[in-house]
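# Inside the fold
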Amino acid sequence: GSRIDHKWYIMKQVQAIQLRKVNDFLCEFAASLSGSGATAAQIDQSIEKMGHVYAGEADVTILPSSILITLWDKEHENSYAGSVKMKSKDLNFNMIIKLCQLSCKVDSCALPLAEAVAEYKEIVAQKKMNSVAVLLLSGLANASFCRLFGGDIYAVIIVLVATLCGFYWKNKLHAGLHIDIRLATILASCISAIISCSGYVFNISSTPDIAVGTSVLYLIPGVPYINSLHDAIHNHHVCAFSRFMQALVLTMCLGIGLALAVMIMNIAYF
């Protein structure tokens, strides 16, 4: 009887260690997804798929600032709970796609844990898009908005320059100097709007108002707005409300920077 009890105890200890390893991996996986801009539904579905393969069942609770994962064994006798804080990183849709593909691969092919961890590390170690390329593409995209809204060629050039300067300083202030994203947004919006006022100051554009209005569009947090709607549709209401409020605050900061620039330059814009 004592031998059986001892073997049973050893077996339960091994199961507990396995659950902990799986939970640690899933927490890190979820943090990478959230930091890359994934929706709550994407995180929930990916973790539940892998938890079903490597344990028995995974309960995922996604809060505005953290993710709680509870794993159960197949007999639903032992459990292990772990949590991880949401990571705030740059948007990376390529990483989201590859991580979701990895979770589907684990679910369909019953990929061993060691292989899944190795593939995960390869994905997160991949280099991001060159920052200079991102800067240039953002500038061209925002300049295209100016043209789309009826700006002339001079307004388009002004918006391109304003976007390049504002985007550079936003990244410099937030990522480089670790200034709060809200303050960085206000300053970047103000810088872009001041530069875009050159159409009024030097009278070099027939559509200076469009240049000023579109110079700050690159700062609109479109992805958080879309993610909040997606989360609300999939019944993640707490995350949906949190993301919506964060996006709304950043939009207000954008407006504050624009208003400051107009007042500084004494432009009769409104």
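In what follows, the structure referred to is the one given above.
Now for a quick tour of the structure. (Residues numbered from 1 in each chain as written. Predicted model: local features only at pLDDT ≥ 70, side-chain atom pairs only at ≥ 80, totals over all residues. Heavy atoms only, no water.)

### A closer look at the overall build of the protein
Our working rule: Here a helix means four or more residues in a row that DSSP labels H or I, a strand means two or more in a row labelled E, and each is numbered from the N terminus. Put simply, the radius of gyration uses C-alpha atoms, and a globule should come to 2.2 Å times the residue count raised to 0.38. Contact criterion: two residues are considered in contact whenever any of their non-hydrogen atoms come within 4.5 Å of each other. Method for areas: the Shrake-Rupley scheme with a 1.4 Å probe, in which residue coverage is limited to the protein chains shown.
Secondary structure summary: the protein contains 11 helices and three strands in total. The order of α-helices and β-strands along the protein, N terminus first, is α-α-β-β-β-α-α-α-α-α-α-α-α-α. Over its C-alpha atoms the protein spans a radius of gyration of 24 Å, topping by over 25% the 18 Å that the globule rule assigns to 270 residues. The principal-axis extent of the C-alpha atoms belonging to the protein is close to 95 × 35 × 30 Å. Sequence-distant contacts, at least 24 apart, represent 63% of the contacts inside the protein between residues at least 6 apart. As displayed, the protein offers around 15,000 Å² of accessible surface, 64% of which is attributable to carbon and sulfur atoms.

### Quick word on the packing of helix α7 (residues 181-196) against helix α11 (residues 237-265)
Cut-off, in case you're wondering: All axes here are fitted lines through C-alpha atoms, helices being fitted over the stretch that makes contact, and every angle between N-to-C directions spans 0 to 180 degrees. If an angle is under 35 degrees, it is roughly parallel; if it is over 145, roughly antiparallel; if it lies from 65 to 115, roughly perpendicular; otherwise it is oblique. Crossing handedness is read from the near helix: turned anticlockwise from the far helix by less than a right angle, it gives a left-handed crossing, and turned clockwise, a right-handed one.
Interaxial distance between α7 and α11 falls to 7 Å at its minimum, and their mutual angle equals 40°. It follows from the interaxial angle that α7 and α11 lie oblique. Between α7 and α11 lies a crossing of right-handed hand. Facing α7, whose interface residues are I181, R182, T185, I186, S189, C190, A193 and I194, α11 presents V249, L250, C253, L254, I256, G257, L258, L260, A261, I264 and M265.

### A few points about the nonpolar core
When a protein is soluble and globular, its nonpolar side chains tend to lie buried together. The criterion, for reference: Put simply, buried Ala, Val, Leu, Ile, Met, Phe, Trp, Tyr and Cys residues joined by side-chain atoms within 4.5 Å make one nonpolar core. Note on classification: 1.4 Å probe, protein chains only; a residue is buried when its accessible area is under 20% of the maximum for its type, exposed when over 50%, partly exposed between these limits.
Judged by nonpolar contacts, the single largest core of 35 residues is most densely connected at F29 and I47. Those elements that provide at least two residues to this core are α1 (2-36), α2 (40-54), β1 (57-62), β2 (66-72), α3 (93-109) and α4 (113-125). The element contributing the most residues to this core is α1, with nine residues. Apart from residues no more than four positions distant in its own chain, I47 is found in contact with L26, F29, A30, A58, V60 and I69. Counting residues in each nonpolar core, the second largest holds 14 residues, with A188, C190, V216 and I267 among its members.

### Let's talk about the environment of Y54
Worth spelling out the cut-off: Here a polar contact means two N or O atoms within 3.5 Å. Within protein one must be a hydrogen donor candidate and the other an acceptor candidate, and residues neighboring in sequence count only if both atoms are side-chain atoms.
One can find Y54 in helix α2. Spatially, the C-alpha atom of Y54 lies 9.5 Å from that of K74, the residues being 20 residues apart in sequence. From its side chain, Y54 meets the backbone oxygen of P112 in a polar contact 3.4 Å long.

### Considering unusual backbone geometry
Unusually for a residue other than glycine, H178 sits at a positive phi of about 60°. Here H178 lies in the loop between α6 (153-176) and α7. Assessed through its relative accessible area of 68%, H178 is described here as exposed. Positive phi, close to 55°, is recorded for N266, a residue that is not glycine. Classification of N266 as exposed rests on a relative accessible area of 69%.

### Considerations on a nonpolar patch on the surface
In plain terms, the rule: A patch consists of residues exposed above 30% relative accessible area that lack any salt bridge, with like charges linked at up to 9 Å and nonpolar side chains (Val, Leu, Ile, Met, Phe, Trp, Tyr) linked at up to 5 Å. What counts as a salt bridge is simple: a side-chain nitrogen of Lys or Arg found within 4 Å of a carboxyl oxygen of Asp or Glu.
Residues F241, F244, M245, L248 and M252 make up a contiguous nonpolar surface patch of about 480 Å² in total accessible area. You can see M245 is positioned in helix α11.

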